Amino acid sequence: MNEPQALAAFAALSQETRLRVVRLLVQAGPDGMAAGAIGEALGGATTSRLSFHLTHLEHAGLIQSRRDGRFIIYSAVYSALAGLIGFLLKDCCHGHPEICAPAVAALTCACGCESIPTESA
């Protein structure tokens, strides 16, 4: 990830609803969630408001959509999220990895899965 991509991602995440959507989609896993379910999970967000935020996140490359029948399913782009984290930690520690250990430990998947998907579908 380069600096302009990171800036776009951080700009997208700097709004409460969009941050909540990304966290919700990360929790949903690779199968994602239908737009209506996302709205319900956010406390009944209006369709136009939700569409605005989903479009913003999709343009930043943090989420992706796919059509499933009459539904639009959104999912997190794990490779973009990993790239953002990598961008932040790329030059970490000046050869002292123990400094970054707490940050790396916080990235351990709490679900017990072997690995987090890193490729977008």
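Quick caveat: nothing in here was measured; it's all calculated off a predicted structure. (Residues numbered from 1 in each chain as written. Predicted model: local features only at pLDDT ≥ 70, side-chain atom pairs only at ≥ 80, totals over all residues. Heavy atoms only, no water.)

Draft legend 1. Summary view of the sheet that holds strand 1 (residues 33–34). Strand order in this open sheet of three strands is 1-3-2, and the pairing throughout is antiparallel. At either margin of the open sheet sits one strand with a lone partner, and together these are strand 1 and strand 2 (63–68). Here strand 1 runs beside strand 3 (residues 71–76); their pairing, made up of two bridges, is antiparallel. Among the inter-strand pairings, Met-33 is bridged to a residue of strand 3, identified as Tyr-74. Contacts between helix 2 (residues 16–28) and the sheet are confined to strand 1, strand 2 and strand 3, with strand 3 contributing the most and set at about 90 degrees to the helix. (Pairing = 2+ DSSP bridges. Helix = DSSP H or I, 4+ residues; strand = E, 2+ residues; numbered from the N terminus. Contact = heavy atoms within 4.5 Å. Axes fitted to C-alpha atoms, helices over the stretch in contact; angles between N-to-C directions.)

Draft legend 2. Structural view of a nonpolar patch on the surface. Taken together, the side chains of Phe-10, Ile-85, Leu-88, Leu-89, Val-104 and Leu-107 make up a nonpolar region of the molecular surface, amounting to roughly 480 Å² of accessible area. The element that contributes the greatest number of residues to the nonpolar patch is helix 5 (residues 78–89), accounting for three residues. (Patch = residues over 30% accessible without salt bridge, like charges linked within 9 Å, V, L, I, M, F, W, Y side chains within 5 Å. Areas by Shrake-Rupley, 256 points an atom, 1.4 Å probe, with all protein chains shown as cover. Salt bridge = Lys/Arg side-chain N within 4 Å of Asp/Glu carboxyl O.)

Draft legend 3. Just the pairing of strand 2, in detail. Where strand 2 and strand 3 come together, six bridges link them in antiparallel fashion. Bridging from a neighbouring strand, Asp-68 pairs with Phe-71 of strand 3. Where strand 2 folds back onto strand 3 in an antiparallel hairpin, the turn is made up of two residues, including Gly-69, whose phi is positive at roughly 65 degrees.

Draft legend 4. Up close: the environment of Ala-41. Inspection of the secondary structure puts Ala-41 in helix 3 (residues 35–41). Assessed through its relative accessible area of 42%, Ala-41 is described here as partly exposed. When the C-alpha positions of Ala-41 and Leu-24 are compared, they lie 8.2 Å apart, and in sequence the two are 17 residues distant. Those residues within four positions of Ala-41 in sequence are excluded, and the remaining contacts are Arg-20, Leu-24 and Met-33. (Buried < 20%, exposed > 50% of the residue type's maximum accessible area, 1.4 Å probe, protein only.)

Draft legend 5. How the structure looks around the packing of helix 2 against helix 4 (residues 47–59). Running from N to C, helix 2 and helix 4 point in directions that differ by 70 degrees, and their axes come no closer than 10 Å. Judged by the angle between their axes, helix 2 and helix 4 are roughly perpendicular. Together, Thr-17, Arg-18, Val-21 and Val-22 of helix 2 and Arg-49, Leu-50, Phe-52, His-53, Leu-54, His-56 and Leu-57 of helix 4 make up the contact between the two elements. Class assignment of the residues belonging to the contact of helix 2 with helix 4 gives a composition of six nonpolar, three polar and two charged. (Parallel < 35°, antiparallel > 145°, perpendicular 65-115°, else oblique. Nonpolar A, V, L, I, M, F, W, Y, C, P; charged D, E, K, R; others polar.)

Draft legend 6. Spotlight on helix 2. Between the first and last C-alpha of helix 2 there are 18 Å, a value that for 13 residues agrees with the 18 Å anticipated at 1.5 Å per step. Those residues of helix 2 not exposed but buried are Thr-17, Arg-18, Val-21, Val-22, Leu-24 and Leu-25. Buried residues of helix 2, viewed axially, fall in a sector of 165 degrees; they line one side. Turned more than 90 degrees away from the buried face of helix 2, the exposed residues are Glu-16, Arg-23 and Gln-27. Among the residues of helix 2, the N-terminal cap falls to Gln-15, whose side-chain oxygen and the backbone nitrogen of Thr-17 are separated by 2.7 Å. With its phi angle positive at about 85 degrees, Gly-29 sits one or two positions after the end of helix 2. (Expected span 1.5 Å × (residues − 1). Arc of directions from axis to C-beta. Polar contact = N/O pair within 3.5 Å; in protein donor to acceptor, adjacent residues only side chain to side chain.)

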